[in-house]
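Secondary and tertiary structure notes
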Amino acid sequence: MPQHQPSPPPRWLLGLFRWFCHPDFAEDIEGDLRERYARQAEHAGRTRANLRLTKEVLLLCRPGIVRPFYRPQPKFFFMFNNYLKSAWRNLWKRKKFSLINLLGLSIGMAACLLILQYIQYEQSYDDFHQDLSRLYRLNLGMTDQGGSEIAVRATNHPAVGAAIKQDFPQVEDFARMVDVKIFFGSAIVSYKEDGEAVQTYYEDELYIADSSVLRMFSFPMLKGDPKTALREKFSIVITESMAERYFGAEDPMGKFLYLNGNFEVKVTGVLKDLPHNTHLNIRALLSSSLFGSGVNDAWIWPEFYTYLKLAPGTQPEDLTVQLDGFVEKYLGEVMQEFGIREEMYLQPVADIHLEGNLMKEVKENGNQATISFLMLIAGMILLIAWMNYINLSTSRSLERASEVGIRKVVGARRGNLIFQFLMEAGLMNTLAIFLAVALTLLLTPAFNQLVGRPVIGGIWLSPLWQEPMTWALLAMMLIGGTFLAGLYPAFVLSSFRPVRTIKGKMFRSGKKVHFRHVMVVFQFAISLLMIAGTLLVYRQLSFMQNQHTGFEMDQMLVTPAPSIGDSTIMDRAENFRNEMESLAQVDQLTLTSDIPGHIIQNVNSIKLKGQSTDEAVFATMIFTDEHYLSTYDIELVAGRNFSKEFSTDDEAVMLNEKAVEMLGYAQPEDILGEVISRKMYSWQDRRVVGVVKNVNHRSFAHKQVPFAYFNRYLGPEYFTLRVQPQQMEQTLAAVEKSYISHFPGNPFDYFFLDDYFSRQYKADQQFGKVFSIFAGLAIFIACLGLLGLISYITSSRTKEIGIRKILGASAPQIIYLLGRPFIALVFIAAVIAIPLAWLSGEQWLQQYAYQAPLSMWVFLVPLLMVLLLAGLTIFWETSRIARSNPAESLRYE
C-alpha cells in the first residue's frame, strides 16, 4: 500500500506568505507552515485549512518579521534606524546646545503659527457668502471740475443700482443699503406693551435695505423667509442679539418695534449675529419699499451702499471699461450743475476689508500692507531660528571632526554622512514643531486679547487644524527646516578629510570670515530693523495723539440728542441748555450735527456767488449754534461768531482757514462779508461772518479739509457739555435727570469725547503692540543663538584661557578678548540696518497726512539696546569661565 503524502499548501497561500514575511525569517517559518497545513487539511479538509492558514500567515508575519508592502531593502531599514538612534544620542549628549536650538526653533515656529492665523483671519472676511466671487461694490469717486484731488467713497447714488442692471446684462442683481440715521437722525428703537414702551435703546448699525440683500448675501437666517422678509413696506429683520434685547425668550416674529417713537415696523425675520470677519456691521434691516420714486430715481444724495452680483462667467473688466459712458449718460447734467466730476469703480466684496478704507466705509477696515509686513516678520523670525541652528551646528565642526573621520575610515560615504546630519536636523525640527504647537495652544488666549479679535477659537483650536494652510505651514517648517537648516552643516561636516581629522590636524582659521559670522550679522540686522520699526510706530502714534487738535477734548461729555419729540423739541433743548449751565459742574453746552472723531456725512460743493460751477470746491458741513466755539474752545481767526443779536445769522456761515484758502483768498479778513453758495437740493446763498482756525476733526492720519459752519440746525444730533472733573457721578446723575424730564421717551446715553476720539488710533496701537512683541521675539531668538555660539567658543578655548590667566590676564581682559569679535559684528549689522530702517520708515510714514520727523535716536536706541543685550549675553557666558581656576582649565582636555 503506498505511503500517504501530506497535502501541500496551495501556491497562492505560499505566495501570500512570501510576500508578507521578511526573507530572513521565511525559511524557518515556511516549514512550520507546511506542517500546520497538512494537519488541518487531514482533519478539516482543504477549504477550512486554506481559511485557517490564511489567518495564521497574517498572524505569523507580526511586526518585526513582516515585509511592508513597498518592500524596502533590509539594509536601508536598519541603516535608517541606526541614523535615528545616532541623531538622538548626539542631541542628548549636547543637551545645552540642543535646548538652545529647540527653544529658538519652537518660539520661531509658534510665532509663525500665530501670525499665520492672524493673516488667515484678516483674509477670511466675507468668505461665508456663497457667491462671493461674483459680488462687487460700486464705489463713487468725486472731485471738483479742476480734478485737483479725487475722493473715493464707498457709497453711491440711490438710482445707480436699477440703472446699471437695466443697461448691462452682465449684472444679474443689485442691492442697496443706507444708514437709517441719514433719514431719521439718531435711531431710538422701542418695544411697547399696552401702548407703553417697556424697552427703549439707542441703536447703531441699522440700515434700510432692498429685499435683494438677503438673496445676494448669505446671511444665516434663524426665522423667516429671506425671499419675502423685506418685501412688506414696514418690515424689519433683526439679529438674534437684538431680538433677545427687546423680546427676551419670546418669539419676535410678527411683533412690532417703534423707530423714534412713532414709526411702526413689523418683525418679519431674525438673522444670526454676523461674524466679526465681515465688512458689514448689521443689527437690523428695514425694508426699502418705504422709499418712493423721489428717492429711488435720485441721481444726487450719494449715501447708498450699492452692491452688484455679476452673471456667471462675467469678467469685471468688461463692465469697468463701460462705466465712464454710463456715468456721462446719467450724471452729465448733474455734474455740470454741481460743479463736480464723478467716476465709478467696481470693488470685489472679498477685497473690501484689506483694500477698502474709503470715505464712508461701514467700519474701520484692515490694511493689506500690514498683512504683507506681518508675513515678512514671520519669515524673518523663522529664518533667524534656522540660522541659529546652522551657526551652532557648524561651530561644533571641530568637535565632530573625529567622528566624521572614523565613519569615513570604516566605509561611510559622503552621502551617508549627509543623510545622518539631515536626520539630526529633521529630528530637531520635528521636536520643535510639537513644542511650537503646545506654545500656540498656550498663548492663543493672550494673542486674541492682544489683537482685539477672536482670531483663533474652538476647543483645542479646532479651526486651526481644519485649515489646509496650517498643515502646509507645518510641512514647510519641517521640510524647509530640515533642508535649509541642515543641508549646509551636513555638507560642511561631511567634507572633512578622514586622515587629517583623525590626526587632529583640522585647519583652525585665525581672522578668517566664516559663514556663521555673516549669519550673526544678518540676525542682528533684522533685530535692529524690527526694534527701529517698533519705535517708529510708537513715535508716530505719540506724535499724532499729542498734537493739538485745535479744540478742547478733555472733560467733554457727549449725549445723543433726542429723536422722540414734537414741534417744541428745540424750545425744550434750549430749556435743557439753560438748566445745565445753571449747574456748577457744567460750564457750557452746545448743539451740533456732528462731533470730532465722527465721519461726517454731509459733504457738498461751495463756491463764491457768481462763480461758475467749475470753480466749486468740496466742503464738510457742520450745523451748530453760537455756543459751539466757546464750548470746544476753538479760536476765531477773523470776523465774529454766530449771535442771537443778529437775526440774519440764520443765513450766515463761518469757514475754516482751509476753505478760505481753497476759495482763493490769501488772508482770512478778505472773505468777510462775501456771499458763498452751497449746493444742497439747489444753490443757496450764505454770507460769511467769520473765519475759524483749522481744527482736526479726524485723527492726524487724515489731512486737513475745508469746513463750513452753519447756524440754527433744526434737528441736532449731539449735545456736548463741558463739565468739571470733580464729583463726576453726581454730575452724570443730574444731567440724566434733567435730560429725561425735558425729553420723555428718549433713553439717556453718554460718552466722553476724548475716549471716542482716541478710538481712531486703536488699529495703529494694536499693530504697534503686535509688532513690538514679535520684534522682541526676534531679538530673543538672536540672543539665544549668540549665547550658544559664545558658550561653544568659550568651551573650545578653555585651555587657552587657562594659560592666559596663568600668564597674568585678568577677568575683564578675558571677557574683552572673547566678546570683542561679536560686538564688532553688531556694529556691522547696524551699518547695514540703519539705512534700510530709514528708507523703510520714510515709506511707511507716507500713509499719514501728519508725520513725525525722523530723528537719529529712533535708530540709535535700537543699536544701544542690541549692544546691551548682546553684551549681557556675552558677559553672562564668558564671565563664568573667566573667573574659573586656571588649573581646572588646563585639565579640561
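Here the structure is a predicted model, which is why all the values come from computation and not from measurement. (Residues numbered from 1 in each chain as written. Predicted model: local features only at pLDDT ≥ 70, side-chain atom pairs only at ≥ 80, totals over all residues. Heavy atoms only, no water.)

1. Some points on the packing of aromatic side chains
If you walk through the whole model with that rule in mind, you get 35 aromatic pairs. When the centroid spacing of 5.6 Å and the interplanar angle of 70 degrees are considered together, the rings of F234 and F263 count as edge-to-face. Of the two residues, F234 sits in the loop between strand 7 (221–223) and strand 8 (235–239) while F263 sits in strand 10 (residues 263–271), which places them 29 residues apart along the sequence. Residue classification places F234 among the partly exposed residues on the basis of a relative accessible area of 40%. For F263, a relative accessible area of 19% puts it in the buried group. A centroid spacing of 5.3 Å and a plane angle of 65 degrees characterise the contact between W844 and Y848, whose relative ring orientation is edge-to-face. Given the relative accessible area of 6%, Y848 is considered buried. Grouped by ring-pair contacts, the aromatic residues F576, F719, Y739, F743, F748, Y750 and F752 constitute a single cluster. Over the ring of Y258 we find K192, and its NZ or CZ is 4.4 Å from the ring centre. The ring centre of F646 lies 3.7 Å from the NZ or CZ of R640, which sits over that ring. (Phe/Tyr/Trp six-rings, centres within 6.5 Å; stacked < 30°, edge-to-face > 60°. Helix = DSSP H or I, 4+ residues; strand = E, 2+ residues; numbered from the N terminus. Buried < 20%, exposed > 50% of the residue type's maximum accessible area, 1.4 Å probe, protein only. Lys NZ or Arg CZ within 6 Å of the ring centre and 35° of its normal.)

2. Some thoughts on the sheet that holds strand 14 (residues 556–560)
The strand order across the open sheet built from 4 strands is 15-23-14-24, with neighbouring strands paired in antiparallel fashion. Two strands lie at the open edges of the sheet, namely strand 15 (586–592) and strand 24 (751–752), each paired on one side alone. Bridging between strand 15 and strand 23 (residues 718–723) involves 6 bridges; their strand directions are antiparallel. The partner of V586 across the bridge, within strand 23, is V723. (Pairing = 2+ DSSP bridges.)

3. A short note on the pattern of salt bridges
Counted by the stated rule, this structure contains 21 salt bridges. Between D131 and K309 there is a salt bridge whose closest N-O contact spans 2.8 Å. Residue D131 is found in the loop between helix 5 (95–123) and strand 1 (135–144), and its partner K309 is found in strand 12 (residues 305–310); the two are separated by 178 residues along the sequence. By relative accessible area, which is 9% here, K309 ends up buried. Between R134 and E172 there is a salt bridge whose closest N-O contact spans 3.1 Å. Note that R134 is positioned in the loop between helix 5 and strand 1 and E172 in strand 3 (residues 171–179), a separation of 38 residues in sequence. Taking the relative accessible area as the measure of exposure, E172 reaches 35% and is therefore partly exposed. (Salt bridge = Lys/Arg side-chain N within 4 Å of Asp/Glu carboxyl O.)

Purely geometric stuff here, so don't read any function into it on its own.
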